[in-house]
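Descriptive structure summary
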Amino acid sequence: MRSILNFIQQVLSTPAIFVGLIALLGLVLQKKDVQTVVKGTIKTILGFIVLSAGASVIQGSIIPFGDLFQLAFGVQGVVPNNEAITSFGLNQFAVQTASIFALGMCANIVLARFSKWKYIFLTGHHALYMSCLVAIILSIAGLDGWQLIVGGALLLGFVMAMFPAIMQPTVRAVTGDDSLALGHFGSCCYWLSGQLGKMCGKKEGTRTTEDVNFPKGLSFLRDNTISIAIAMFICYIIVSGVANFTDGANAAEIFEGNNWVLYSLINAITFSAGIYIVLAGVRMLIAEIVPAFKGISEKLVPNAKPALDCPILFPYAPNAVLIGFFCSFVGGIIGLFVLALLGQAGISVAIILPGAVVHFFCGATAGVCGNARGGLKGCIIGAFVHGIVVTFLSAALLPVLGSLGFANTTFSDADFTIVGIVFGNFAKFMSGTGLFTVTAILFVLPIIYNYTLGRKRGKE
Amino acid sequence: MEIKKILCFCGSGLGTSFVMEMNVKKALANLGIDGVEVDHSTIDDVMTGAADLFICGSDLLPNAEKAGKAIGLDNMVSMEEIQAKLKAVFEV
């Protein structure tokens, strides 16, 4: 008997198998045939293992980068990338992340059913990354065991419904449609960009981004792997160059005798390769889980809106996508210099380098939202501010990530950083159980509102 | 050329392309077309020969047309748009 219990315990604490079991459950609940169940379960486990393999590749390239940065500038250099930090976080928090992810989806369905926030968050990879962030923050706050998982799930379910709800008015302005919702954890800054756009104002004759003749040759930047590799190469070559010419001896040790330009080139592309592998793993991992989630939620909350990945907004303003990217990236560079100046002034901060993914996907989305409310001006200002804000938010997140705050990478999108900063700092003022109670109360609030004040308003 | 394989893609190959794949499958079933394999991936996997038909958001259409026959969607979750555009391609 004991050996069976031991076996079960081992299965549950082997993360790859654990997520496979979640997929298995989802497939069985949908009454799929045996072939599909077996295939789906194995693919999910495989996805997890691929993801972990990708993490090692990323580490191989980013650790020397961190060392070189320290050598060259004397401060910690951080390249924000959700995939990278999640793959590192999963090394320690895989089981917690998977459990919070699974239960969090249930919590989302409950909230959609019983509150006014009828949104089902279908952007699987973002829900996975947020589960990891929540697992890290709550764990550092002192929660563990069932409290960590339940508290984390309640928090995840809450944000999965709340952020799309906040974004809905802006999404309506972009698409002219109410059937779509946005499920992307950069919402705080997209909303901000929309508000800034509103301040710019839009009338009949306002110039929008689509009136601008944008060179088509730049569409290669839509290739994620390419833009990450290029951005990383620029960062690497600058850092390696400075390290090489200011402290040649120590730098040469890091370069392992290689030429600094070649070393930078290979490592930059290795970084992008690692991200590609992690993404392939995540794709396989969520391939069975998201349709199961969608199917089950459609049965339980039929009038809920699907909250989808940010590219659903891109076709409405393709030029705003690229203009938003550039403005956000420039904002990121300005943010970098401000952080550097703060460092010179004696305030100890890490230097946040511009992350290609966040400025591309999130900066672009901010640009589209800014354009919808305020035309070309709204797009430029909204995306630019987005670039600066996410840079500072990432910097502010590092102190609450514990040992992962030294990973040379971190979460990049606004909602991850804000949730992390808010709860990470809450944890300094209250105990583990106190924090658990906070998540429980937060979760229940929208439900209570729906049944009390909400109802009254409806009757008026 | 008979269409046996459709590839839906987006920038990251995770969220949007996935939803497109699910909707395309539904649309094909509604149109009574079967025997077509539908998959999703990222823009990196879009090359000639990868599929007989590529489907993406209309903003990525130039990238798709380099690789073969392509459909660009303005609203990636609009079943009417998907069905209408698929019908047009399959009837040629």
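One structure accompanies this document, and this report is about it. (Residues numbered from 1 in each chain as written. Chains lettered and ligands numbered in written order. Predicted model: local features only at pLDDT ≥ 70, side-chain atom pairs only at ≥ 80, totals over all residues.)

Quick notes on the sheet that holds strand β2 (residues 119-121) of chain A
Residues and elements named next belong to chain A. For the record, the criterion: Between any two strands, at least two bridges found by DSSP are needed for them to pair. Numbering of helices and strands runs from the N terminus, with a helix taken as a DSSP run of H or I at least four residues long and a strand as a DSSP run of E at least two residues long.
Taken in spatial order, the 3 strands of this open sheet run β2-β4-β3, and their pairing is parallel. Each edge of the open sheet carries a strand with a single partner, namely β2 and β3 (181-182). Sheet analysis places β2 next to strand β4 (residues 305-308), joined by 3 bridges and oriented parallel. Pairing of I120 across the sheet is with P306, part of β4.

Topic: helix α9 (residues 248-255) of chain A
Residue and element names in this part refer to chain A. Our working rule: With C-beta atoms placed from the backbone, a residue is buried if 20 or more other C-beta atoms are within 10 Å of its own, exposed if 12 or fewer are, and partly exposed between those counts. Here, the arc refers to the directions that run from the helix axis to the C-beta atoms. Residues are treated as contacting if the C-beta atoms built from their backbones sit within 7 Å of each other.
Restricting attention to buried positions, one finds in α9 the residues A251, I254 and F255. Looking straight down α9, one finds its buried side chains confined to an arc of 100 degrees; they lie on one side. Exposed residues on α9 whose side chains face more than 90 degrees from its buried face are A249 and E253. Buried residues along α9 sit against α3 (34-73), α8 (224-246) and α10 (260-300). Following α9 by one or two positions, E256 has its phi on the positive side, about 55 degrees.

Observations concerning the packing of helix α11 (residues 318-344) of chain A against helix α12 (residues 356-397) of chain A
What counts is decided by this rule: Working convention: axes come from line fits to C-alpha atoms, limited for helices to the stretch in contact. Angles between N-to-C directions cover 0 to 180 degrees. Should the near helix be turned counterclockwise from the far one by less than a right angle, the crossing is left-handed, whereas a clockwise turn marks it as right-handed.
Remark: α11(A) packs on α12(A), axes separated minimally by 7 Å, with the N-to-C direction vectors making an angle of 35 degrees. Note on packing geometry: the crossing formed by α11(A) with α12(A) is right-handed.

A few points about unusual backbone geometry
All names here are of chain A. Within the chain, K31 stands out as a residue other than glycine whose phi angle is a positive 55 degrees. Inspection of the secondary structure puts K31 in the loop between α2 (15-29) and α3. Given 7 C-beta atoms within a 10 Å radius, K31 is considered exposed. The backbone of N408 shows a phi angle near 65 degrees, a positive value even though the residue is not glycine.

Overview of the nonpolar core
Note the threshold: Note on terminology: a nonpolar core is a set of buried residues of type Ala, Val, Leu, Ile, Met, Phe, Trp, Tyr or Cys, with members joined through C-beta atoms within 7 Å.
Counting 191 residues, the largest nonpolar core has L133(A), V368(A), F54(B) and I55(B) as its most contacted members. Apart from the residues lying within four places of it in its own chain, the contact partners of I55(B) are I6(B), C8(B), M20(B), V24(B), I71(B) and L73(B).

Overview of the interface of chain A and chain B
Short version of the rule: Classification used: nonpolar for Ala, Val, Leu, Ile, Met, Phe, Trp, Tyr, Cys and Pro, charged for Asp, Glu, Lys and Arg, polar for all others including Gly.
Listed as interface residues are 26 residues of chain A and, on the opposing side, 23 residues of chain B. Of all elements in the fold, only α5 (124-140), α8, α10, β4 and α11 of chain A reach the threshold of two or more residues within the side of chain A that touches chain B. Grouping the amino acids of the side of chain A that touches chain B by side-chain chemistry returns 15 nonpolar, 6 polar and 5 charged.

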